[in-house]
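Fold and geometry: a report
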Amino acid sequence: MAAHNATHDDRTAPREDRGDGVRDSEIRIEQAHLDRVYHRLEEKIHEAEFLMDDAAKRGQVGTPGALAERDAQVFRAGVHLNRLNSEFEDFLFGRIDLLPGKDGRRGPDGAYTSVEPADDAIRTGPDGDRAEIAETLHIGRIGVLDAEYAPLVIDWRAPAAAPFYRSTPVAPGRVVRRRVIRSKGRRVLGVEDDLLRPELSATLDGGALPVVGDGALMAALGQARGHTMRDIVASIQAEQDQVIRAPAASVTEVEGGPGTGKTAVALHRAAYLLYQDRRRYAGGILVVSPTPLLVAYTEGVLPSLGEEGQVAIRAVGSLVEGAEATTYDTPAVARVKGSSRMLRVLRKAARGALELPRGAAAPTGSASSPTSPSSADNGQLTVDGALDAHGGRPGAGSGARPGGPPERLRVVAFGARIELEAEELRAIRQNVLGGTAPVNLLRPRARRLLLDALWTRSGAPRRYTDPELAAEAREGFDEDISSEDSFQEFLDAWWPELTPRSVLAAMADERRLSRWSRRVLNPREVRQVARSLGRLGPDGQGALSVHDVALLDELITLLGTPARPAAAREADPLDQLTGLDELTTYADRVSPRRSRAERAERERADYAHVIVDEAQDLTPMQWRMIGRRGRHATWTVVGDPAQSSWSDPDEAGRARDEALGSRPRRRFTLTVNYRNPAEIAELASKVLTLAMPGTPAPEAVRSTGVAPRFVPGADGGLGAAARREAVRLLAEVDGTVGVVVAMNRRAQARQWLTGLGDRVVALGSLEAKGLEYDATVVVSPAEIADESPAGLRVLYVALTRATQRLTVVSGDRDEPDGNAVPDLLRD
Ligand SMILES: Nc1ncnc2c1ncn2[C@@H]1O[C@H](COP(=O)(O)OP(=O)(O)OP(=O)(O)O)[C@@H](O)[C@H]1O
């Protein structure tokens, strides 16, 4: 199903503004309704507070049943109270006046269920058509019923609210007039109407419907942009609404050019899914965003829709707990690290790291100290003095290659010395590593095979003919040897618990990496990757790049996390987000405490729905990382291939298919550009033609009449020109100005803009992804395009960030013509 052919209602609907008198009286009507809503909300808040109080009193009764009931009640009341309070701002935003429904049936909220009007809703007569408004619904952020359970406000996500978004003059259904109400707190500030059945307006039985304003969409689009995205709940368009309300049974894929509302739609969809099936999505919704900047930009949208707590919005570089990406790799390094070839390299590294000199892949636990206190000068450990089960004195020791894993295991048992030499140890290691199980989880098996080998070498199996006696003796033998500190030390050194970071750091050694990536990476790639990892310390501490994080995540899987002893319970994010952080629940206190590792593991695997924004940018390794978080999830994947900064779309496509599995897919295309005025969209489409010939550009919904400006900045004048243009644009627009440069000029660009205030931001080309500004300065298109094989597509992104004004500053590489238009932007 595709949502093509959006009808731009606001441009086509005739309007009939009868001046301030009508406007004022319409505002008064809506104000009266809003007053009623607030009155009712106050009653509801008192109710919720009473429930909280009552529940707290029950807590004093003290039986487990009463405590559990109290907890449940406190929780429900707290959530309710929190929602009511948080959604007070701009609570009510829409109204529809409707004809009677086709079958006369009404839903649980009292509204007609049919989208189509009743057959006799419009009566044709000699004086023209006549009809009556059968129902008026107000739409808001959550539903409110009056004391008699009649709807005062319909939740925007309820089926009854759908006609507010879906109806167009071409297919108006039952809607005669759609009104967007602008309010702040308790005050109605204005109304904007669209008349969807203009032919009926004058012949309604109750008198003509007044129509006010210029249409809500245009009013919304014309507003200045701040540093955060606003919700679009009052002006969602029909093709967007189809995506938001699509059933979540499988994979919903959404494509659309810049500014078509993909990010906005994805976030509103998260809110919609929670509304539809809160229980199912209690498992959490994960929204993956390309950059922390975009996360910060979009973070306020869901709370403004009354939803948080169940939705985690994360940058792709922050998906692994405790690993926050703070740097970018060069495009060449990113290309290697993002490629699925790295999987083969990491598999080898995860197993190969067991052989590393201690300290090179700093293992955790006691083996992290390079030598143990009982090391003898020759590097061999011998431990004497422990009694074995039969009066002998078993003991354990290790022969350590200086700086490497131990090469000999020596124990004393049954009064004799037993040794396993390097060859035998190697064979045991190979045997244990035979399968694909995570390396750290194989340690118990390694321990068992060592004990098997020692037992055989001791000759004991020959001494016991009675299997029962043999089993008993063996048990004692295992216990005695395992309880020795030195055997444990040997094990820690020979089969250390590897951390993902330490293995990653070990890959910074070029010779080692070359061994692990034989026939996978070429020598140049090995050098580049090893160098880039050189910034990590020996145990992997230090700045991670966005692409390192996906490698770390893969290593977490390849290495595995052994079970840990229980740790103290961490604060539950849900507690904080629902405002109940000060309360612990009875269930919390009696249930077994979960370890940090378990919680992290659960978080990694447990999302009920995964929303991927800017999906076109994900590398194969990132798809694997995200796929692991949505193994049992339903998905919404939004993106635009024409904006992809990844160089090999086919390889990424395969990884995406693997992550999404065989679930059925439903595709939508968004076709209208709500961000860029036509003048900017037209310029950007020149680059689109170069980057992805044949790809249709989305249709810009408005025009400002202001053409993009071209300014020369060659001969070292780039910075001065960019600053001058930023200053000019700051004076021309009310909101924000973004200055977009090639990634390697980021620091420089920040210098250029020093002292210009926080309305202006310097951005590397990759950081501009998904963001928007009132005005942008794009500095040297050629530099951005030459940055990587995907450079033209990245330039397309840079050129499509502005809502009002665009200035292009050309540099030495741009070959500008006499009007300073760079060659890439000429016809
Ligand atoms: N129905 C709408 N009503 C009002 N504003 C809208 C609507 N749809 C989109 N917008 C606005 O258009 C702008 C672009 O939306 P958004 O960032 O979601 O687009 P996108 O498709 O994700 O763009 P890109 O691919 O360039 O990142 C935002 O300012 C958004 O608020």
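Residues numbered from 1 in each chain as written. Predicted model: local features only at pLDDT ≥ 70, side-chain atom pairs only at ≥ 80, totals over all residues.

Another aspect to go through is the sheet that holds strand β19 (residues 665-670). If you trace the 6 strands from one edge of the open sheet to the other, you get β11-β10-β17-β18-β9-β19, paired in parallel fashion. The open sheet terminates on both sides in strands that have one partner only, identified here as β11 (311-315) and β19. Looking at each pair of strands side by side, their axes are set apart by 15 degrees on average, direction ignored. Bridging between strand β10 (residues 285-289) and β11 involves 5 bridges; their strand directions are parallel. (Pairing = 2+ DSSP bridges. Helix = DSSP H or I, 4+ residues; strand = E, 2+ residues; numbered from the N terminus. Axes fitted to C-alpha atoms, helices over the stretch in contact; angles between N-to-C directions.)

Further remarks concern the site of the ligand. Around the ligand sit 24 residues, and of these Pro258, Gly261, Lys262, Thr263 and Ala264 come closest. Breaking the shell around the ligand down by element, the ones donating at least two residues are α6 (216-222) and α8 (262-276). Residue composition of the shell around the ligand, grouped by class: 8 nonpolar, 11 polar and 5 charged. (Near = placed C-beta within 6 Å. Nonpolar A, V, L, I, M, F, W, Y, C, P; charged D, E, K, R; others polar.)

A separate point is the nonpolar core. Side chains of nonpolar character tend, in soluble globular proteins, to be buried together. Core analysis: the biggest nonpolar cluster contains 207 residues, and Ala270, Ile285, Leu555, Val687, Ala722, Val739 and Tyr796 have the highest contact counts within it. Setting aside residues no more than four positions away along its own chain, Ala270 makes contact with Ile285, Val287, Leu302, Glu307, Val311 and Ile611. (Core = buried A, V, L, I, M, F, W, Y, C linked by C-beta atoms within 7 Å. Buried ≥ 20, exposed ≤ 12 C-beta atoms within 10 Å, placed from the backbone. Contact = placed C-beta atoms within 7 Å.)

Since the α-helix packs 3.6 residues into each turn, any two residues three or four apart lie on the same face. Spanning 17 residues, helix α16 (residues 467-483) covers 24 Å between terminal C-alpha atoms, matching the ideal 24 Å at 1.5 Å per step. Looking only at α16, the buried set comprises Ala473, Phe477, Asp480 and Ile481. Buried residues of α16, viewed axially, fall in a sector of 90 degrees; they line one side. What points out from α16, more than 90 degrees from its buried face, is the exposed set Pro467, Glu468, Ala471, Glu475 and Ser483. (Expected span 1.5 Å × (residues − 1). Arc of directions from axis to C-beta.)

With that out of the way, let us pick up the packing of helix α25 (residues 620-629) against helix α26 (residues 649-660). Relative to each other, α25 and α26 sit at 10 degrees, their axes nearing to 8 Å. By the angle between their directions, the pair α25 and α26 is classed as roughly parallel. Residues Pro620, Trp623, Arg624, Ile626 and Gly627 of α25 pack against Glu651, Ala652, Ala655, Arg656, Glu658 and Ala659 of α26. The residue inventory of the contact of α25 with α26, partitioned by class, reads 6 nonpolar, 1 polar and 4 charged. (Parallel < 35°, antiparallel > 145°, perpendicular 65-115°, else oblique.)

Right, let's get into the UniProt feature "binding site: ATP" (unreviewed entry) in the protein chain. UniProt records the feature "binding site: ATP" (unreviewed entry) at Gly256, Gly257, Pro258, Gly259, Thr260, Gly261, Lys262 and Thr263, using the numbering of this structure. Mapped onto the elements, Gly257 comes out in the loop between β9 (251-256) and α8. With 29 C-beta atoms counted inside 10 Å, the residue Gly257 sits in the buried group. For Gly257, the residues in contact, after removing those within four places along its chain, are Asp640, Ala642, Asn673, Ala697 and Pro698. Tracing the backbone through its elements, the reader meets Pro258 in the loop between β9 and α8. (UniProt positions renumbered as here; feature names shortened; annotations may be inferred.)

Strand order in this open sheet of 6 strands is β5-β6-β4-β1-β7-β8, and the pairing throughout is mixed. Every other strand in the sheet has two partners, leaving β5 (144-145) and β8 (187-195) as the edge strands with one partner each. Bridge analysis of strand β7 (residues 175-184) against β8 gives 8 bridges, and the strand direction is antiparallel. The partner of Arg182 across the bridge, within β8, is Gly190.

Attention now moves to the environment of Arg501. Tracing the backbone shows Arg501 in helix α18 (residues 500-506). For the pair Arg501 and Gly537, spaced 36 residues apart in the sequence, the C-alpha separation amounts to 9.3 Å. Here Arg501 is in contact with Asp539, Gly540, Gln541 and Leu552, once residues within four sequence places are set aside.

Here helix α12 (residues 341-352) contains 12 residues, and its C-alpha end-to-end distance of 17 Å stays within 8% of the 16 Å for a straight helix at 1.5 Å per residue. Elements that come into contact with the buried residues of α12 comprise α11 (331-338), α13 (422-433), α18, α19 (510-516), α21 (546-559) and α25.

The next thing to look at is the pairing of strand β23 (residues 737-741). Side-chain positions along a regular strand alternate between the two faces of the sheet. Of all 5 residues that make up β23, 5 are buried, and the element is covered over most of its length. Residues of β23 alternate between two faces, with Val737, Val739 and Val741 on one and Gly738 and Val740 on the opposite face, all of them buried. Judged from the 5 bridges that link them, β23 and strand β24 (residues 760-764) form a sheet pairing that is parallel. Residue Val739 lies in a different strand from β24, and its bridge partner there is Ala762. The parallel pair β23 and β24, bridged by helix α29 (residues 746-752), forms a crossover whose chirality is right-handed. Bridge analysis of β23 against strand β25 (residues 773-779) gives 4 bridges, and the strand direction is parallel. (Right-handed = clockwise from strand over helix to strand, strands pointing away.)

Moving on to the packing of helix α14 (residues 443-457) against α16. Viewed as axis vectors pointing N to C, α14 and α16 meet at an angle of 120 degrees, and their least axial separation amounts to 11 Å. As summarised for this structure, α14 and α16 are arranged oblique, according to the angle between their axes. Note on packing geometry: the crossing formed by α14 with α16 is right-handed. Counting all contacts with α14, which are made through Leu451, Leu454 and Trp455, the residues of α16 involved are Arg474, Phe477, Asp478 and Ile481. Of the residues contributing to the contact of α14 with α16, the split by class is 5 nonpolar, no polar and 2 charged. (Left-handed = near helix turned anticlockwise from the far one by under 90°.)

So, on to unusual backbone geometry. The phi torsion at Arg519 lies on the positive side, around 60 degrees, for a residue other than glycine. The residue Arg519 is located in the loop between α19 and α20 (523-533) in this model. Classification of Arg519 as exposed rests on a count of 6 C-beta atoms within 10 Å. Even without glycine at this site, Ala820 takes up a positive phi of about 70 degrees.

Moving on, we come to the confidence of the model for the protein chain. Considering every residue of the protein chain, the mean pLDDT works out to 81; 80% of them sit at 70 or more. Contacts for the low-pLDDT stretch residues 1-18, under 50 throughout, to residues beyond four places or in other chains number 45 contacts. A low-confidence stretch, residues 360-401 (pLDDT under 50), is modelled with 114 contacts involving residues beyond four sequence positions or located in other chains. Model confidence for the complex: the whole-complex pTM is 0.80, and ipTM, which rates the interface, is 0.99. (pLDDT = per-residue confidence, 0-100.)

It is worth spelling out the pairing of strand β18 (residues 634-639) at this point. Most of β18 sits inside the fold, with 6 of its 6 residues counted as buried. With burial as the criterion, each face of β18 is covered, one bearing Thr634, Thr636 and Val638 and the other bearing Trp635, Val637 and Gly639. Here 5 bridges tie β9 to β18, and the two strands are oriented parallel to one another. The residue of β18 that forms the bridge with Glu255 is Gly639. Bridging between strand β17 (residues 609-612) and β18 involves 4 bridges; their strand directions are parallel. The residue bridging Val612 from the neighbouring strand is Val637, located in β18.

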